[in-house]
Amino acid sequence: MNRPRKVTTLGQFIIERQRDFPFAKGELSRLLRDIGIAAKIVNREVNKAGLVDILGSTGRENIQGEDVKKLDIFANEQFIAALTSGGECCVIASEENEEIIPIETEISKNAKYVVMIDPLDGSSNIDVNVSIGTIFSIYRRKSLGGPGTLEDCLQAGTEQVAAGYVVYGSSTMLVYTTGRGVNGFTLDPSIGEFCLSHPEMRVPETGVIYSINEGNYIKFPEGIKKYIKYCQEDDKATSRPYSSRYIGSMVADFHRNLIKGGVFIYPQTQKSPNGKLRLCYECNPLAFIVEQAGGKASHGTGRILEITPTDLHQRTPIIIGSVKMVEQVEDFLRQYPGN
Ligand code: AHG
Ligand code: MN
Ligand code: MN
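Let me begin by describing the structure that accompanies this report.

What counts and how
Residues numbered from 1 in each chain as written. Chains lettered and ligands numbered in written order. Predicted model: local features only at pLDDT ≥ 70, side-chain atom pairs only at ≥ 80, totals over all residues. Heavy atoms only, no water. Helix = DSSP H or I, 4+ residues; strand = E, 2+ residues; numbered from the N terminus. Rg over C-alpha atoms; globule rule 2.2 N^0.38 Å. Contact = heavy atoms within 4.5 Å. Areas by Shrake-Rupley, 256 points an atom, 1.4 Å probe, with all protein chains shown as cover. Lys, Arg positive; Asp, Glu negative; His and termini not counted. Charge placed at Lys NZ, Arg CZ, Asp CG, Glu CD. Buried < 20%, exposed > 50% of the residue type's maximum accessible area, 1.4 Å probe, protein only. Phe/Tyr/Trp six-rings, centres within 6.5 Å; stacked < 30°, edge-to-face > 60°. Donors = N, O, S within 2.8 Å, 3.2 Å for Na, K, Ca; no water. Axes fitted to C-alpha atoms, helices over the stretch in contact; angles between N-to-C directions. Parallel < 35°, antiparallel > 145°, perpendicular 65-115°, else oblique. Left-handed = near helix turned anticlockwise from the far one by under 90°. Nonpolar A, V, L, I, M, F, W, Y, C, P; charged D, E, K, R; others polar. Expected span 1.5 Å × (residues − 1).

1. A short note on the overall build of the chain
Working step 1: A tally of regular secondary structure across the chain gives eight helices and 13 strands.
Working step 2: Rg of the C-alpha trace for the chain: 20 Å, near the compact-globule value of 20 Å for 339 residues, within the 12% margin.
Working step 3: C-alpha extents for the chain along the principal axes are approximately 60 × 60 × 55 Å.
Working step 4: Considering only contacts in the chain between residues 6 or more positions apart, those separated by 24 or more positions represent 63%.
Working step 5: For the chain, the accessible surface area stands at approximately 16000 Å², while carbon and sulfur atoms represent 49% of it.
Working step 6: Both charge centroids of the chain, one from 38 positive and one from 41 negative side chains, sit 6 Å from each other.

The structure is reproduced here in structure tokens:
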């Protein structure tokens, strides 16, 4: 008789891994668990987005006369509520909020952690049933007590203690790192649990996928234009031409490239010298994950994780994915330095 296979849930895995940190008191584990629970609630709403009238602009009323919330606002509220009531987080910074959200409650005044979050990434894909996600990043606080401060939030990516993302895709997955490798969990909707499905994820050293919004070609720096042309050339030895894949949700594009190998690029343009993507909510967490999986994340001339943020919502150009492909893009930028 076949013995049933052992399933490891996210909750069990987090507790098992806590032993890796002998002096930890379990706060980070609880914080990750809270994020996992909020992700399940967001997933439930994402899944029924086409059924109930949750789509549409904020301010519209549904048939019950209630205010209709857009999913990105709903997701933002869910994560903020989970992190506020959990007691492990002293301040939140969200892509959806102009200012930081210091947590003023009694249970959080000695909380050790800071959370930066993009509650719904790829929001332009919500209404068309295409993969979207959540990206988060966790830091240790710098301030000494009470609600967290802006300084707690403006730390370089190298200071992250954990980072992760959720993709609400053909299945829902949560992928995270605490600096000891990357592990992926798939939500089994029949039991409502994230189950370990992708242990010790590694990004292939190289790949045949490039992901960039080619519609903006004319605006790209010279090195990026030349790299795109390189990807399109015919060369058996390097398996070119490469495949172009661009979903328009960074988290989903990143996830595919993490598994298959590839490079995702969102460069600067003359109009947007810092590109579009946000350092604290999108680039730093994915950079931490990719490095933990053996890949690389660059702003063109250096490591994303080494940028010291000066503004919560600051942007950065990003080249992220398989190490050899990222390095090659950097080479092209060096070789063709023009704008
Ligand atoms: P968000 O939905 O959080 O605002 O992020 C959208 C981002 C990112 O997910 C995606 O890769 C990028 O915007 C797409 O931008 P373009 O439409 O300019 O390609
Ligand atoms: Mn985003
Ligand atoms: Mn967003």
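2. Concerning helix α5 (residues 222-232)
Working step 1: Turning to α5, its buried residues number three or more, namely G223, I224, K225, Y227, I228, Y230 and C231.
Working step 2: Where the residues of α5 are buried, they touch β9 (209-211), β11 (263-266) and α8 (323-335).

3. A few points about the packing of aromatic side chains
Working step 1: One pass over the full model with this rule turns up ten aromatic pairs.
Working step 2: Centre to centre, the rings of Y165 and F254 are 5.8 Å apart; their planes meet at 90°, and the pair counts as edge-to-face. Here Y165 is found in strand β5 (residues 160-168), whereas its partner F254 is found in helix α6 (residues 250-260), with 89 residues between them in sequence.
Working step 3: By relative accessible area, Y165 is classed as buried at 0%.
Working step 4: The class for F254 is buried, based on a relative accessible area of 4%.

4. Description of the coordination of the manganese ion (ligand 3)
Working step 1: The coordination sphere of the manganese ion (ligand 3), as far as protein atoms go, consists of E95 (OE), D118 (OD) and L120 (O), spread over 2.3 Å.
Working step 2: Each donor residue of the manganese ion (ligand 3) belongs to the same chain, and together they define the spacing E-x22-D-x1-L.
Working step 3: Between the manganese ion (ligand 3) and the manganese ion (ligand 2), both coordinated by D118, there is a metal-metal distance of 3.6 Å. Taken together, the positions of E95 in the loop between β1 (89-94) and β2 (101-102) and L120 in strand β3 (residues 113-121) put the pair 25 residues apart, joining distant regions of the chain. Each member of the pair, E95 as well as L120, carries the same accessibility label: buried.

5. Observations concerning the packing of helix α1 (residues 10-18) against helix α2 (residues 27-47)
Working step 1: It is at 10 Å that the axes of α1 and α2 come closest, and there the two elements cross at 165°. Comparing their axes, α2 and α1 come out roughly antiparallel. Between α1 and α2 lies a crossing whose hand is right-handed. On α2, the residues touching L10, I14 and Q18 of α1 are S29, L32, R33 and G36.
Working step 2: The class makeup of the residues in the contact of α1 with α2 is three nonpolar, three polar and one charged.

6. Points about α8
Working step 1: Along its 13 residues, α8 runs 18 Å from first to last C-alpha, staying within 8% of the 18 Å computed at 1.5 Å per residue.
Working step 2: Next to the buried residues of α8 lie β9, α5, β11, β12 (296-298) and β13 (318-321).

Shape is all these values report; function is a separate question.
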